[in-house]
Amino acid sequence: MGLFDKFHGLAAARRDLEALGIDPFGVQIERMISPTEGMIRGRHTILAGTNNYLGLTFDPGCVAAAHRALDAEGTGTTGSRMANGSYSGHRRLEKELAAFYGMRDAIVFSTGYQANLGMLAGLTGPGDVVLIDGDCHASIYDGCRLAGAEIIRFRHNNAADLARRMERLGERAADALIVVEGVYSMLGDRAPLEDIVAVKRKHGGYLLVDEAHSLGVLGERGRGLVEELGVLAHVDFIVGTFSKSLGGAGGFCVSDLPELDLVRYSSRPYIFTASPSPATIASTRQALAVLAAGRDLRVRLRDNFMRLHAGLIALGYSLAAPPGAVIAVVLRDRVEALRCWSLLLERGVYVNLMLPPATPNGVALIRCSVSAAHTPAQIDAICAAFADVRSSAGIVAAECDTGR
Amino acid sequence: MLQYPQIVAELGSELAAFGPRGVEITEDTDLLADLELDSLQVMNLLLQIEDRFDISIPVSILPDVRTVKDLALQIAHLTGER
């Protein structure tokens, strides 16, 4: 088999997409105007697929902090923290993240993807067992693979299924690592963390929760689903990202376990990569301070997602989960989802197209992410575009069955 | 411990529900090519098989599993461990 033979299927799939006139997986935003608006194909477009949950990418304080760091420390660190040294901001951000969660320490990684890769590959290795929720993000699968650990998958959001697998492990359960997400990125559904914590407390093991889509969104102080459900004390590792609610790029893990610091020395995705740039660290620190300072943005975000969720339900669309910052519209099939996505863009609304096998159970989705920076008028405009697509183009929503 | 022929027979009835209709399941049936399963469907198939045999099958074995025979041998190994 030739080196490029495996691309035949991909090339055919891309040709199908190109027939639309635009590749949904290669959209160019020609110019950003605000956290919620950009120019796409020369058109002023409402952005509703950015994961910019708190809208902090244009926050004046965050932008100013990044400017100051850029002037004072330069454009990049040009190396890894282990070989080339950490800047003071790296360590300060780690201390601030640890304080935010009330935990002993934190590690900052260069991307959210690398946070999962780095934690799983740093913590586990051949002979270790990692139990992962079936709908976990690719970074979690890839981290397990890099680690060479034994990966056991349990049915999505099914604590009883996890318990059965823990029972089968016998004595090995006490050292197993359970990995779940707070909010799952595709459907926007939440983990039953109380039940999962109960399984851990019965069988032993350690629990890692990825709060990429819930940091700054859920919880009284924005500390995610672990805070919202009151299980923070029973979670061993919390992983998160700077690239969503914090409006930057990078990732982290916080933990109360003293061993966390040693992960730095065993984690190849931490060791062999350049550290985040000074401007990224500075804007992230400021964004974390804004996030921690009050509930205003979370309240606005909640108002917005409640408004969009109710609007889409009223239009007769099938939504995959209860209201949240991720709102996934389930379409009848791949063709219908493609058509819906394209028609929305023509009407000045950018959302995400999600197709199998990236989606659970073969569903085709239009995924919206809501921001605190959306105005009620923008939410109404998004609803109006969905209404127009449904009535004028005859888009048919799926029966709301995501296989759950 | 389950015997290999019995494992292949039980796998056959599980797989019949997953693949396209009318495909005869033999030891040499290729899970991806013959049953037209994608990687996610294969992982979901494993969940069903785990319940049937009351074992946990590490996802990490998948790169070594192409045919029904490969999977049956892994199951024989895992049921033998109990």
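Rules behind the numbers
- What you see as residue numbers is a count from 1 along each chain, following the sequence as written.
- As a convention, the first chain written is A and the first ligand written is 1, with the rest following in written order.
- Confidence filtering applies because this is a predicted model: local features only for residues at pLDDT of at least 70, side-chain atom pairs given and counted only at 80 or more, and all residues used for totals across whole chains, interfaces and linings.
- Whether two strands pair depends on DSSP finding at least two bridges between them.
- Counting from the N terminus, the helices are DSSP H or I runs at least four residues long and the strands are E runs at least two residues long.
- As a rule, the C-alpha atoms of each element are fitted with a line to give its axis, helices using only the stretch in contact, and angles between N-to-C directions run from 0 to 180 degrees.
- Every C-beta atom is placed from the backbone, and the number of other C-beta atoms within 10 Å of a residue's own sets its class: buried at 20 or more, exposed at 12 or fewer, partly exposed in between.
- Convention used here: a crossover is right-handed provided that the path from the first strand, over the helix, to the second strand proceeds clockwise when the strands point away from the viewer.
- Across the chain, each position has a pLDDT score giving the predictor's confidence in that residue, from 0 to 100.
- Residue ranges assigned to each domain were obtained from an automatic or database domain assignment.
- What counts as a contact here is a pair of residues whose C-beta atoms, placed from the backbone, lie within 7 Å.
- Any residue that is not Ala, Val, Leu, Ile, Met, Phe, Trp, Tyr, Cys, Pro, Asp, Glu, Lys or Arg is counted as polar, Gly included; the first ten are nonpolar and the last four charged.
- Small angles under 35 degrees read as roughly parallel and large ones over 145 as roughly antiparallel, with 65 to 115 read as roughly perpendicular and the rest as oblique.
- For any pair of crossing helices, the crossing counts as left-handed if the nearer helix is rotated counterclockwise from the farther one by less than a right angle, and right-handed if it is rotated clockwise.

Section: the sheet that holds strand 9 (residues 237-241) of chain A
All names here are of chain A.
And step 1. Read from one edge of the open sheet, seven strands run 4-10-9-8-7-5-6, paired in mixed fashion. Two strands close off the open sheet at either side, each with one partner strand: strand 4 (105-109) and strand 6 (150-154). For this sheet the average axis-to-axis angle between neighbouring strands, irrespective of direction, equals 20 degrees.
And step 2. Pairing of strand 4 with strand 10 (residues 251-255), which is carried by five bridges, proceeds in the antiparallel orientation.

A look at the sheet that holds strand 13 (residues 349-350) of chain A
Adjacent strands of a sheet form backbone hydrogen bonds with each other and so pair up, either parallel or antiparallel.
And step 1. Spatial strand order, 1-2-3-13 (chain A): four strands in an open sheet with mixed pairing. Only two strands of the sheet have a single partner each, and these edge strands are strand 1 (31-34) and strand 13 of chain A.

As for the pairing of strand 8 (residues 206-210) of chain A
And step 1. The buried fraction of strand 8 of chain A is high, at four of five residues.
And step 2. Handedness of the crossover joining strand 7 (residues 177-181) of chain A and strand 8 of chain A through helix 8 (residues 193-203) of chain A is recorded here as right-handed.

Quick notes on the confidence of the model for chain B
Residues and elements named next belong to chain B.
And step 1. The predicted model of chain B has a mean per-residue pLDDT of 87, with 96% of residues at 70 or higher.
And step 2. Mean pLDDT in chain B bottoms out at helix 1 (residues 4-16), which sits at 88, and peaks at helix 3 (residues 68-81), which reaches 90.
And step 3. Interface predicted TM-score (ipTM) for the complex: 0.89; the corresponding pTM is 0.95.

Some words on the domain arrangement of chain A
Residue and element names in this part refer to chain A.
And step 1. One can read the domain layout of chain A as domain 1 (12-47 + 295-393) and domain 2 (59-293).
And step 2. Between the C-alpha centres of domain 1 and domain 2 the distance comes to 27 Å.
And step 3. With 14 residues of domain 1 at the interface, the matching set in domain 2 holds eleven residues.
And step 4. The element best represented in the side of domain 1 that touches domain 2 is strand 12 (residues 326-331), accounting for three residues.
And step 5. Classifying every residue of the side of domain 1 that touches domain 2 by side-chain character gives ten nonpolar, two polar and two charged.

Description of the packing of helix 2 (residues 60-73) of chain A against helix 12 (residues 278-293) of chain A
Residue and element names in this part refer to chain A.
And step 1. Packing of helix 2 against helix 12 leaves a shortest axis separation of 7 Å and a crossing angle of 150 degrees. The pairing of helix 2 with helix 12 is recorded here as roughly antiparallel in orientation. Here helix 2 runs over helix 12; the crossing is right-handed. Contacts from Gly 61, Cys 62, Ala 65, Ala 66, Arg 68, Ala 69, Leu 70 and Glu 73 of helix 2 reach helix 12 at Pro 278, Ala 279, Ile 281, Ala 282, Ser 283, Arg 285, Gln 286, Ala 287 and Val 290.
And step 2. Broken down by class, the residue content of the contact of helix 2 with helix 12 amounts to eleven nonpolar, three polar and three charged.

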